[in-house]
Amino acid sequence: MEKRDALYAGKAKSVYRTDDPQRLILHFRDDTSAFDGERVESLARKGMVNNKFNAFIMGKLEAAGIPTHFDGLVSETECVVKKLEMIPVECVVRNLAAGGLVKRLGIEEGRELTPPTFELFLKNDAQHDPMINESLAETFGWASREQLARMKTLTFQVNDVLKQLFLDGGMLLVDYKLEFGMFNGEIVLGDEFSPDGCRLWDAKTREKMDKDRFRQGLGGVIEAYEEVGRRIGIEFD
Ligand code: C5P
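Keep in mind that what you see is a predicted model, and the values were worked out from it rather than measured.

Colleague: Would you mind showing me how to read the environment of Ser144 here?
Modeller: Following the sequence through the fold, Ser144 ends up in the loop between helix H3 (134-139) and helix H4 (145-168). The partly exposed category is assigned to Ser144, whose relative accessible area is 26%.

Printed below as a string of structure tokens:
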């Protein structure tokens with residue numbers, strides 16, 4: 001596979017075309033951003049850690065029958081993925097109250113959410129990724145009713161797989177965000193799964209082990225990501 005020109009540079013990843021029109025290369029950079037890109041820092045090893053983390057999780061999800069865009073690692077910080085036609089909607093599941101939910105509804109942080117909640121957000125930087133619902137998504141053509149139903153089913157399947165995986169490593173999967181796209185007429189999980197896009201707490205101490213360490217200036221960000229990885233069986237050189 002030959003890497004070609006850059007297609008798009010996001011806040012933490014860059015996307016490249018390849019000689020195969022159906023495949024892209026994702027490059028995980030060390031850049032870390034928060035608060036709508038207001039705060040950006042480079043954290044050593046982050047690209048490598050998130051690339052390996054994502055590869056491991058995508059493998060677990062594929063093994064559980066969830067279709068993903070992941071094809072394989074190509075370097076320490078890069079992987080090959082299927083080129084999806086992305087659906088501009090973010091799917092968020094929450095098992096415990098934190099972050100946006102706490103802020104928006106005044107719910108106490110850490111409260112167990114039974115059943116887990118499911119929220120939709122529009123991917124739109126200019127509008128700061130506003131919360132939407134299925135009616136709005138359908139009316140404005142962001143996603144069809146069928147796509148929304150499938151995304152919801154897959155997002156909860158991911159919860160079943162990953163909640164247990166992290167619990168086995170002594171961690172609580174508090175919440176996470178997924179993005180999907182279309183490939184050959186099928187809904188496929190895209191983007192990435194790493195501690196940048198989920199919340200993970202130590203099950204005993206409830207210590208934060210995810211990007212909230214960066215957002216809240218707690219330090220030890222990449223050390224925490226590596227610890228999460230080690231606890232679920234990932235080896236970082
Ligand atoms: O901020 P909020 O509490 O709504 O985020 C819910 C989950 O989705 C968190 O794990 C957060 O890291 C993730 N998220 C994300 N990218 C966004 C918005 C939320 O990864 N643009």
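Text resumes after the structure shown.
Colleague: How should the site of the ligand be read in this particular structure?
Modeller: In the vicinity of the ligand lie 15 residues, with Arg94, Gly100, Asp175, Arg199 and Arg215 positioned nearest. Within the side chain of Arg94, one N or O atom sits 2.8 Å away from an oxygen atom of the ligand. Residue Asp175 places a side-chain N or O atom 2.6 Å away from an oxygen atom belonging to the ligand. Considered on its own, the ligand offers 450 Å² of accessible surface; in the complex 77% of this is hidden by protein. Taken together, the elements giving at least two residues each to the shell around the ligand come down to strand S8 (85-96), helix H2 (99-105), strand S11 (171-183) and strand S13 (198-202). Across the shell around the ligand, the residue classes break down as four nonpolar, three polar and eight charged.

Colleague: When you look at the pattern of salt bridges in this model, what are you seeing that I'm missing?
Modeller: Side-chain pairs of opposite charge can arise where the charged atoms are in close proximity. For the structure on display, the rule yields 30 salt bridges. The partner of Asp31 in a salt bridge is Arg29, and the shortest N-O contact between them spans 2.8 Å. For Glu179, the salt bridge is made with Lys123, and the minimal N-O distance between the two is 3.0 Å. Of the two residues, Glu179 sits in strand S11 while Lys123 sits in the loop between strand S9 (112-122) and strand S10 (131-132), which places them 56 residues apart along the sequence. Take Lys123: its relative accessible area is 40%, and that puts it in the partly exposed class. It is possible to trace a salt-bridge network through shared partners that takes in Lys13, Glu90, Lys123, Lys177, Glu179, Asp191 and Glu192.

What counts as what
Residues numbered from 1 in each chain as written. Predicted model: local features only at pLDDT ≥ 70, side-chain atom pairs only at ≥ 80, totals over all residues. Heavy atoms only, no water. Helix = DSSP H or I, 4+ residues; strand = E, 2+ residues; numbered from the N terminus. Buried < 20%, exposed > 50% of the residue type's maximum accessible area, 1.4 Å probe, protein only. Near = heavy atom within 4 Å. Polar contact = N/O pair within 3.5 Å; in protein donor to acceptor, adjacent residues only side chain to side chain. Areas by Shrake-Rupley, 256 points an atom, 1.4 Å probe, with all protein chains shown as cover. Nonpolar A, V, L, I, M, F, W, Y, C, P; charged D, E, K, R; others polar. Salt bridge = Lys/Arg side-chain N within 4 Å of Asp/Glu carboxyl O.

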